[in-house]
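A look at the structure
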Amino acid sequence: MSSPPAPGFNADRAIELARQTLQIEAQALLALKDRQGEPLAQAVGLILACTGRVVVMGMGKSGHVGRKMAATLASTGTPAMFVHPAEASHGDLGMITPSDVVIAISNSGESDELTAILPLLKRLGVRLIGMTGRATSTLARHSDVMLDTSVAQEACPLNLAPTASTTAQIALGDALAVALLDARGFREEDFARSHPGGALGRKLLTHVRDVMRRGDAVPRVRPETGFSAMMREMSAKGLGATAIVDADDRVLGIFTDGDLRRQIEQGRDLRGLTAGELMTRQPRTVRADALAVEAADLMEEARITSVLVVDETGRLVGALNSNDLMRAKVI
């Protein structure tokens, strides 16, 4: 049960302030969009030419933005890390090399911890991209490229708490990352390699060989195998199907639980029949080096729950069913 509102709480005012906040921040982003031009292109060019890493720095709320920016850049093909300006003055400056590019974020451009190390960065020969709301600030003067993140007002009713300004910083960092990933030709496969634990990573990095059953776990019988022996093989291996193979293990056909059900529905006496007489010839197969998601698509398209895995000569090397794909979180 929810708690009663605090005394004096005005729900209508809370809703109105929330709407005003969103409106102010939306207007700040639209104004930011209209100001982007050559400096942004120069910043992208500096980063593309960088042979080291992008080092993002910022204090307070700008520091939180900087951590997010570094993470976004790193996950979209631009090696990046965050270095805290105060820690930089106490040894972490050694993390930065002349081959790096620094992105320094400060709305005022006058954060003491940041301005204290700007001359040292310039002495190292590091190229500096400043993101600031004041074009005349210390940060702006030291920057090789200055990106204007100024806003007309903060969303805070007191015009004090960083709100619209940090939204502008985050959005401009995203704009940089998107421009860079496009310039680098960054693809879904590249993104997946940076996110192997995510859903996209599993879909684009998991191959059939990673999830298929192998060896004795793969049900298989010869075409002359009787119906009862074939059913025992299927039951023992739990795939819901069995491959029918020749003496060289080349796939001749498949018999599935669905085939069994259909045969029974037709009233057919199966006891005296062999696997070769009951099998479905030329079954759907996949290769071990195919993506697991491709196997899932094949199974969905063909409305089957199991598929055999073969090599280039048609020899049986594995098998998988929809449960295997679900356990691997491919589907």
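In this report, we go over the structure that sits alongside the text. Given the structure is predicted, the values throughout are model-derived calculations rather than measurements. (Residues numbered from 1 in each chain as written. Predicted model: local features only at pLDDT ≥ 70, side-chain atom pairs only at ≥ 80, totals over all residues. Heavy atoms only, no water.)

**Comments concerning the pattern of salt bridges**
According to the stated counting rule, one finds 15 salt bridges in the structure shown. The closest approach of N and O atoms between R127 and D144, which form a salt bridge, is 3.6 Å. Of this pair, R127 sits in strand β4 (residues 127-132) while D144 sits in the loop between α7 (138-142) and β5 (145-148), and the two are 17 residues apart along the sequence. Note on R127: relative accessible area 41%, which makes it partly exposed. (Salt bridge = Lys/Arg side-chain N within 4 Å of Asp/Glu carboxyl O. Helix = DSSP H or I, 4+ residues; strand = E, 2+ residues; numbered from the N terminus. Buried < 20%, exposed > 50% of the residue type's maximum accessible area, 1.4 Å probe, protein only.)

**Overview of a negative patch on the surface**
A cluster of like negative charges, contributed by D289, E294, D297, E300 and E301, occupies part of the molecular surface. Mapped onto the secondary structure, E294 falls in helix α15 (residues 292-302). Overall, the relative accessible area of 41% leaves E294 in the partly exposed class. (Patch = residues over 30% accessible without salt bridge, like charges linked within 9 Å, V, L, I, M, F, W, Y side chains within 5 Å. Areas by Shrake-Rupley, 256 points an atom, 1.4 Å probe, with all protein chains shown as cover. Lys, Arg positive; Asp, Glu negative; His and termini not counted. Charge placed at Lys NZ, Arg CZ, Asp CG, Glu CD.)

**Details of helix α1 (residues 11-35)**
For α1, spanning 25 residues, the distance from its first C-alpha to its last is 37 Å, which sits close to the expected 36 Å at 1.5 Å a residue. Within the span of α1, buried status applies to I24, E25, A28 and L32. Residues of α1 that are buried in the fold lie against β5 and α8 (164-183). Put simply, N10 is the residue that caps the front of α1, since its side-chain oxygen is 3.0 Å from the backbone nitrogen of D12. (Expected span 1.5 Å × (residues − 1). Contact = heavy atoms within 4.5 Å. Polar contact = N/O pair within 3.5 Å; in protein donor to acceptor, adjacent residues only side chain to side chain.)

**Points about empty space enclosed by the protein**
If you roll a probe as big as a water molecule over the atoms, it shows you where there is empty space left. Using the criterion set out here, one finds one cavity of 30 Å³ or more in the structure. Counting residues per element, the ones that place at least two in the lining of the largest cavity are α3 (60-75) and α8. Looking at side-chain class alone, the lining of the largest cavity contains three nonpolar, three polar and two charged residues. (1 Å grid on protein atoms, 1.4 Å probe; cavity = no way out; pocket = protein on both sides within 12 Å on 5 of 7 lines; lining within 4 Å. Points joined across faces, edges and corners; volume = space filled by probe spheres on them. Nonpolar A, V, L, I, M, F, W, Y, C, P; charged D, E, K, R; others polar.)

**Here we look at the packing of α1 against α8**
Any two packed helices are characterised by the angle at which their axes cross and by the distance between the axes. The contact between α1 and α8 brings their axes to 9 Å, and the two run at 45 degrees. If you check the angle between α1 and α8, you find them oblique. As α1 packs across α8, the resulting crossing turns out to be right-handed. Judged by residue contacts, I24, E25, A28, L29 and L32 of α1 engage A164, T167, A168, A171 and L172 from α8. (Axes fitted to C-alpha atoms, helices over the stretch in contact; angles between N-to-C directions. Parallel < 35°, antiparallel > 145°, perpendicular 65-115°, else oblique. Left-handed = near helix turned anticlockwise from the far one by under 90°.)

**A few points about the nonpolar core**
One finds V56, M69, L73, I103, I129 and L147 to be the most contacted residues of the largest nonpolar core, which totals 27 residues. Every element with two or more residues in this core is listed here: α2 (38-49), β1 (54-58), α3, β2 (80-82), β3 (101-106), β4, β5 and α8. Beyond its immediate stretch of four places on either side in the chain, I129 contacts A43, L46, I47, V101, V102, I103, A104, S143, V145 and L147. Formed by 18 residues, the second largest nonpolar core is a distinct cluster that contains V211, V293, A295 and M299. (Core = buried A, V, L, I, M, F, W, Y, C linked by side-chain atoms within 4.5 Å.)

**Structural notes on the layout of surface pockets**
A volume near 330 Å³ is recorded for the largest pocket. Taken together, 18 residues form the lining of the largest pocket, with T256, R262, R303, I304 and T305 sitting closest to its centre. Elements with a minimum of two residues in the lining of the largest pocket: β8 (251-256) and α13 (257-265). Among the elements that make up the lining of the largest pocket, the one with the highest residue count is α13 (five residues). Across the lining of the largest pocket, the residue classes break down as five nonpolar, seven polar and six charged. Reported here for the second largest pocket is a volume of approximately 180 Å³.

**Comments concerning the side chain of E154**
By the element assignment, E154 lies in the loop between β5 and α8. Although buried, E154 forms no salt bridge, and the nearest oppositely charged side chain, K61, lies 11 Å from it. Here the side chain of E154 touches A164 through a polar contact of 3.0 Å, landing on its backbone nitrogen. Of note is the side chain of E154, whose polar atom sits 2.6 Å from the side chain of S165. Discounting residues that sit within four places of it in the chain, E154 has contacts with I24, N107, N159, A161, P162, T163, A164 and S165.

**Considering the sheet that holds strand β9 (residues 280-281)**
As summarised here, the arrangement of the four strands in space is β6-β7-β8-β9, forming an open sheet in which the pairing is mixed. Edge positions in the sheet fall to β6 (220-221) and β9, since each of these pairs with one other strand and no more. Note: strand β7 (residues 241-245) against β8, five bridges, orientation antiparallel. Bridge pairing links A243 to I254 in β8. Sitting on the sheet, α13 is in contact with β8 and β9, with an inclination near 65 degrees to β8. (Pairing = 2+ DSSP bridges.)

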